[in-house]
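Here's the letter readout for the chains.
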Amino acid sequence: MRLSRYFLPVLKENPADAQIVSHRYMLRAGMIKQQAAGIYSWLPLGFKVLKRIEQIVHEEQMRVGHIPLLMPTMQTADLWRESGRYDDYGQEMLRIKDRQGREMLFGPTNEEMITDIFRAHVNSYKDLPLTLYQIQWKFRDEVRPRFGVMRGREFLMKDGYNFDLDRDAAIHAYNRHMVSYLRTYERMGLTAIPMRADSGPIGGDDTHEFLVLAETGESEVFYDSAVTDLKLGTREIDVDDRAAVADVCREFTTLYARTDETHDAALFDAVPEDRRRVARGIEVGQIFYFGTKYSEAMGATVVTPDGSRVPVEMGSHGIGVSRLLGAIIEANHDDKGIIWPEGVTPFHVGIVNLKQGDGSTDSACSALYAALVAKGLEPLYDDRDERAGAKFATMDLIGLPWRITVGPRGLANGKVELTSRRTGESEEVSLEAAVERVAQIYANL
Ligand code: P5A
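This report concerns the structure included in the present document. Please read these numbers as outputs of a predicted model, since none were measured by experiment.

Section: the pattern of salt bridges
Inspection of every chain in the model, using the stated rule, returns 29 salt bridges. Put simply, Lys48 and Glu378 hold a salt bridge, and the shortest N to O gap is 2.6 Å. Note that Lys48 is positioned in helix α2 (residues 44-63) and Glu378 in the loop between α11 (359-374) and β20 (379-382), a separation of 330 residues in sequence. Its salt-bridge partner being Arg119, residue Glu82 comes within 2.7 Å of it at the nearest N-O pair. Placement of the pair is Glu82 in helix α3 (residues 77-83) and Arg119 in helix α5 (residues 111-121), with a sequence separation of 37 residues.

Structural notes on the layout of surface pockets
If a probe the size of a water molecule is rolled over the atoms, the empty space left behind becomes visible. By volume, the largest pocket is sized at about 950 Å³. Lining the largest pocket are 43 residues, and of these Arg140, Arg151, Glu283, Gln286 and Arg323 lie nearest its centre. Of the residues that constitute the lining of the largest pocket, the class distribution is 13 nonpolar, 17 polar and 13 charged. Roughly 630 Å³ of volume is contained in the second largest pocket. Lining the second largest pocket are 23 residues, with Glu60, Arg63, Arg183, Arg187 and Leu445 sitting closest to its centre. Looking at which element gives the most residues to the lining of the second largest pocket, the answer is α2, with six residues. Across the lining of the second largest pocket, the residue classes tally to seven nonpolar, six polar and ten charged.

Remarks on the side chain of Ser83
Within the element layout of this structure, Ser83 appears in helix α3. Of note is the side chain of Ser83, whose polar atom sits 3.2 Å from the backbone nitrogen of Arg85. There is a polar contact of 2.5 Å between the side chain of Ser83 and the side chain of Glu112.

Cut-offs and rules
Throughout, a residue's number is its position along its own chain's written sequence, starting from 1. pLDDT decides what is reported in this predicted model: residues at 70 or higher carry local features, side-chain atom pairs at 80 or more are listed and counted, and totals for whole chains, interfaces and linings draw on all residues regardless. As a rule here, side-chain values come from all non-hydrogen atoms in the structure, and water together with hydrogens is ignored. The term salt bridge refers to a side-chain nitrogen of Lys or Arg lying within 4 Å of a carboxyl oxygen of Asp or Glu. Only DSSP runs of H or I with at least four residues qualify as helices, and only runs of E with at least two residues qualify as strands; both kinds are numbered from the N terminus onward. Only protein atoms enter the calculation, which uses a 1 Å grid: trapped sets of points that fit a 1.4 Å probe without letting it out are cavities, open sets showing protein on both sides within 12 Å along at least five of seven lines are pockets, and any residue with an atom within 4 Å of a point is a lining residue. Grid points are joined across faces, edges and corners, and a volume is the space filled by probe spheres set on the points. Think of it as three bins: nonpolar holds Ala, Val, Leu, Ile, Met, Phe, Trp, Tyr, Cys and Pro, charged holds Asp, Glu, Lys and Arg, and polar takes everything else, Gly as well. What qualifies as a polar contact is a pair of N or O atoms within 3.5 Å, subject to a donor-acceptor requirement within protein and to the restriction that residues adjacent in sequence count only when both atoms come from side chains.

Written out as structure tokens, the structure reads:
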């Protein structure tokens, strides 16, 4: 993409209403525009990152055998009356009447609807296990929408629902989600700590939140600092092997990590003193096991091998897809702007032309652009007629992890400059070497 032809409405000034850095940078980098409290348009740059995050979520869900579908955002009140949640959900639910006066709602979550789909089409244990998921907009009429996409009213969620024959199988589905979530967040360059939590309006006894550490997080967290060193890395895990999956979950949940609500001071005291930490975290996901809460209320049963009929065992699992943009920026920025992890960056590399209009500099940039595209990469080429300083400031703000700077002085020696946004370190390399290096970095992801 050539920047001169893109739509990147960058703001020079800090927006007054944005209290936290991710919100500020998302507005300044022209990623989002507020349309109403907690409701945003996704401008091209923000939309691109949102799509990259969605893509990672899809890949990691499908890798463990979960099946995508899409449910509507609008739901009927009657469906929610079956579970009893229509009255329980309270003011967070946006209630709407259609022209016939029928009561509808904009879905805040989809346990009822997925249970309805299940009961209409599945009858036997032979169709289990089954996990269906979607990435779809939700609406929660939050009392205090704030911090941009972090706590929106309309927000994008990956919501998945598992159906299993018995409790052990459902616990395995829960564990499998935990492992797959850990991998999902790692691919986004995040360390997300799984932490036992409160189940709230979703229900059930077993639930974990995934927290990304950041000063601006809404939850307080007490943890053993060793927990942030745990990584799945390139480990291969057979997701059908219950014991292996349970082992990974144990590894990631035995080190002390709790919310203020469930914090146990005695257990925290048992953590070696130099490893005790109290910090704040952003909840980027939550998984729930609630057994037969919805299936019993809504008559979603299956025939068992011995011919009897039982309500299906269920859980639900959510990732805050739009919130993740905020969380990633909170965890990856400096005073000049965003620093995207390679896994989610909107463009792989920026090209800065230091002398726009100079024939040989322009053609070197074009050649570089074409060579990067030929490697399957998406460059953003700043071909505007602007001062170098302004071009650097824009690149720093929008946070592409790599920048190639092209100017007449370097080109005289056959060199361009390759710069890491994260470390600020630059190297003089040939044009070909710059392309190879960047291609290599993304090939290794
Ligand atoms: C699990 C999937 C659920 O709703 N039902 C379907 C379960 N869980 S949850 O914890 O309530 O939400 C899942 C994740 O969605 C994000 N989230 C939000 N993101 C932005 N703005 C909001 N107002 C908001 N509310 C929830 C969180 O990341 C949460 O973990």
